[in-house]
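Here is how the chains run, residue by residue.
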Amino acid sequence: MLSAKGLITIIKGKGMFVRESSSDMITDHMHLYLQLNVERNCVIDIVHARQIIEPSMAALAAINHTHEDSDRLQADIEEFKSCDGGFAQLALLDMKFHLDISKASQNSLMPLILAPIHKLIPEIKSSVYATNVDAKESALKWHQQILEGILNRDPEKARSAMIQHLQIAEEHAEKMLKIQASISKV
C-alpha cells in the first residue's frame, strides 16, 4: 500500500526505501486523478480554472519576483520566440512560462496547484497551435505584456494582461474543439 501511494520504493533484492518527500509526489497524484477523471470535453473547464487562478498569480509575481525570476521569465520568452520545434515543443515552452510565473509569485502553493493542471495542457495546446494559425503570435504578444507588468512591478497590468491572454486562449480552445468535432463527424 505504501508503495502504491508513492511513499516507499521497493527494489527487488535490495529492500524497501522511504521516498524523499517532494512536490512531484503531490502533483503527480493530482495529475493522475485529473487524467483519469477528465473527459475530452473538459478543455474549457481547464481554461476556466486557469482564468480563476493565473491572473492573481501574475499579480503576485509582479509584487514578489526576484532578479532570478525576471531572468528566467525573459529567457522563457526568448526560447518561445525562437522555437521551431513544432507544436508540442511550443506547448511545453508556453506552459513553462506560466509555471515560472507561479514560482515568481513566491507563493509555494501556486506551482503545486498549477502543475497537475498544466500537465494536462500540452496535448490541448499542441492542438490549439495546430488549428489556430495566429496562436503563437498571440501567445507571444500576451506573454510579453504579462512579463512587462511583472518586471515593472505593476500587479494590475500583469493581472489584466493575463486575463486578456486567457480569454484569447479560451477562444482558441473553442475554435480547436469545433474543428475537431467537425473532423470526427466526417
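Residues numbered from 1 in each chain as written. Predicted model: local features only at pLDDT ≥ 70, side-chain atom pairs only at ≥ 80, totals over all residues. Heavy atoms only, no water.

Q: Break down the packing of helix 4 (residues 87-104) against helix 6 (residues 135-151) for me, citing the residues and quoting the values.
A: For the pair helix 4 and helix 6, the least separation of the axes is 12 Å and the interaxial angle reads 15°. Between helix 4 and helix 6, the crossing angle belongs to the class labelled roughly parallel. Helix 6 is crossed by helix 4, and the crossing has left-handed handedness. Residues Leu 90, Asp 94, Phe 97, His 98 and Ile 101 of helix 4 form the contact with helix 6, whose participating residues are Lys 136, Ala 139, His 143, Ile 146, Leu 147 and Ile 150. The residue inventory of the contact of helix 4 with helix 6, partitioned by class, reads seven nonpolar, two polar and two charged. (Axes fitted to C-alpha atoms, helices over the stretch in contact; angles between N-to-C directions. Helix = DSSP H or I, 4+ residues; strand = E, 2+ residues; numbered from the N terminus. Parallel < 35°, antiparallel > 145°, perpendicular 65-115°, else oblique. Left-handed = near helix turned anticlockwise from the far one by under 90°. Contact = heavy atoms within 4.5 Å. Nonpolar A, V, L, I, M, F, W, Y, C, P; charged D, E, K, R; others polar.)

Q: Residues and numbers for the environment of Ser 105, please.
A: Along the chain, the position of Ser 105 falls in the loop between helix 4 and helix 5 (109-131). Note on Ser 105: relative accessible area 1%, which makes it buried. For the pair Ser 105 and Asn 64, spaced 41 residues apart in sequence, the C-alpha separation works out to 5.7 Å. (Buried < 20%, exposed > 50% of the residue type's maximum accessible area, 1.4 Å probe, protein only.)

Q: An account of unusual backbone geometry is requested, with residue identities and associated values reported.
A: Although it is not a glycine, Gln 106 adopts a positive phi angle of roughly 65°. Here Gln 106 lies in the loop between helix 4 and helix 5. Positive phi outside glycine occurs at Arg 153, with the angle close to 55°. Within the secondary structure layout, Arg 153 lies in the loop between helix 6 and helix 7 (155-185). Owing to a relative accessible area of 44%, Arg 153 belongs among the partly exposed residues under this scheme.

Q: Can you break down the side chain of His 98 residue by residue, with the values?
A: If you trace the backbone, His 98 turns up in helix 4. In contact with His 98, other than residues within four places in its own chain, are Arg 50, Glu 54, Met 57, Leu 114, His 118, His 143, Met 162 and His 165.

Q: Explain the pattern of salt bridges residue by residue, including any values.
A: Under the defined criterion, the tally for this structure stands at ten salt bridges. Asp 76 serves as the salt-bridge partner of Lys 96, at 2.8 Å between the closest nitrogen and oxygen. In this pair, Lys 96 is assigned in helix 4 and Asp 76 in helix 3 (residues 67-81), connecting sequence segments 20 residues apart. For Lys 96, a relative accessible area of 33% puts it in the partly exposed group. One salt bridge connects Lys 81 with Glu 78, and the closest N-O pair in it is separated by 3.4 Å. Here Lys 81 pairs with Glu 78, and both are found in helix 3, just three residues apart, close to one helical turn. (Salt bridge = Lys/Arg side-chain N within 4 Å of Asp/Glu carboxyl O.)

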